Amino acid sequence: MSNAVTKIPAAPSAEALAHFEAEFTHETDCWDVHEAMQSDDPGFILVDARSPALYAAGHLPGAVNIPHGKIIASRMSAYPDDTLFVTYCAGPHCNGAARAALRFAQLGRPVKLMAGGLTGWLDEGFELTTAETKTLQVA
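Notes on the structure follow. (Residues numbered from 1 in each chain as written. Predicted model: local features only at pLDDT ≥ 70, side-chain atom pairs only at ≥ 80, totals over all residues. Heavy atoms only, no water.)

## Overview of the environment of L118
Piece 1. Relative to the assigned elements, L118 resides in helix 6 (residues 117-123).
Piece 2. With a relative accessible area of 13%, L118 lands in the buried category.
Piece 3. Each C-alpha atom, one on L118 and one on G91, is 5.4 Å from the other, the two residues being 27 residues apart in sequence.
Piece 4. The contacts of L118, once residues within four sequence positions are left out, are R50, G58, H59, L60, Y88, C89, A90, G91 and L128. (Helix = DSSP H or I, 4+ residues; strand = E, 2+ residues; numbered from the N terminus. Buried < 20%, exposed > 50% of the residue type's maximum accessible area, 1.4 Å probe, protein only. Contact = heavy atoms within 4.5 Å.)

## Description of the sheet that holds strand 1 (residues 27-29)
Piece 1. Here five strands make up an open sheet; going across it, the order is 1-5-4-2-3 and the pairing parallel. Across the chains shown, the open sheet's two edge strands, defined by having one partner strand only, are strand 1 and strand 3 (64-65).
Piece 2. Bridge count between strand 1 and strand 5 (residues 111-115): three bridges; the pairing is parallel. Bridging across to strand 5, T28 finds its partner in M114.
Piece 3. Its contacts with the sheet put helix 2 (residues 30-37) on strand 1, strand 2 (45-48), strand 4 (85-88) and strand 5, and the angle it makes with strand 1 is roughly 75 degrees.
Piece 4. The strands that helix 5 (residues 96-106) touches are strand 2, strand 4 and strand 5; relative to strand 4, the one it contacts most, it runs at about 155 degrees. (Pairing = 2+ DSSP bridges. Axes fitted to C-alpha atoms, helices over the stretch in contact; angles between N-to-C directions.)

## With respect to the pattern of salt bridges
Piece 1. All told, the structure shown has two salt bridges when counted by the stated rule.
Piece 2. For R109, the salt bridge goes to D81, with nearest N and O atoms at 3.7 Å. Of this pair, R109 sits in the loop between helix 5 and strand 5 while D81 sits in the loop between helix 4 (73-76) and strand 4, and the two are 28 residues apart along the sequence.
Piece 3. By relative accessible area, R109 is classed as buried at 9%.
Piece 4. Exposure remark for D81: the relative accessible area of 61% places this residue in the exposed category. (Salt bridge = Lys/Arg side-chain N within 4 Å of Asp/Glu carboxyl O.)

Here you go:
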């Protein structure tokens, strides 16, 4: 019996392997970001790509607010060229994190997107903060 799931066959294993392995070079998840952020040096800069007002209303602890439209070479010069950036936005219904990741990639910067965004973070049971406000200033 055919249905929407079975109508198109699954990719051959080698093709599926390459596809799913590649996903991890482009994305990470909320749980892994949360765990990494518990250390003094998580190895990346966590970027909230939403507006300053949304960031101020609640954001991930340790995140820096750089709206995707403000990701420009002069701002990024504050970071070494090999700095990894992890972007997030409101969640799966928002493309701000993808827009931010694209901007970082266009600047030649290493970048990953945090799948699930703020919605995924909350779904995992993690807290938001409003206590800290970190914005990157242009030098």
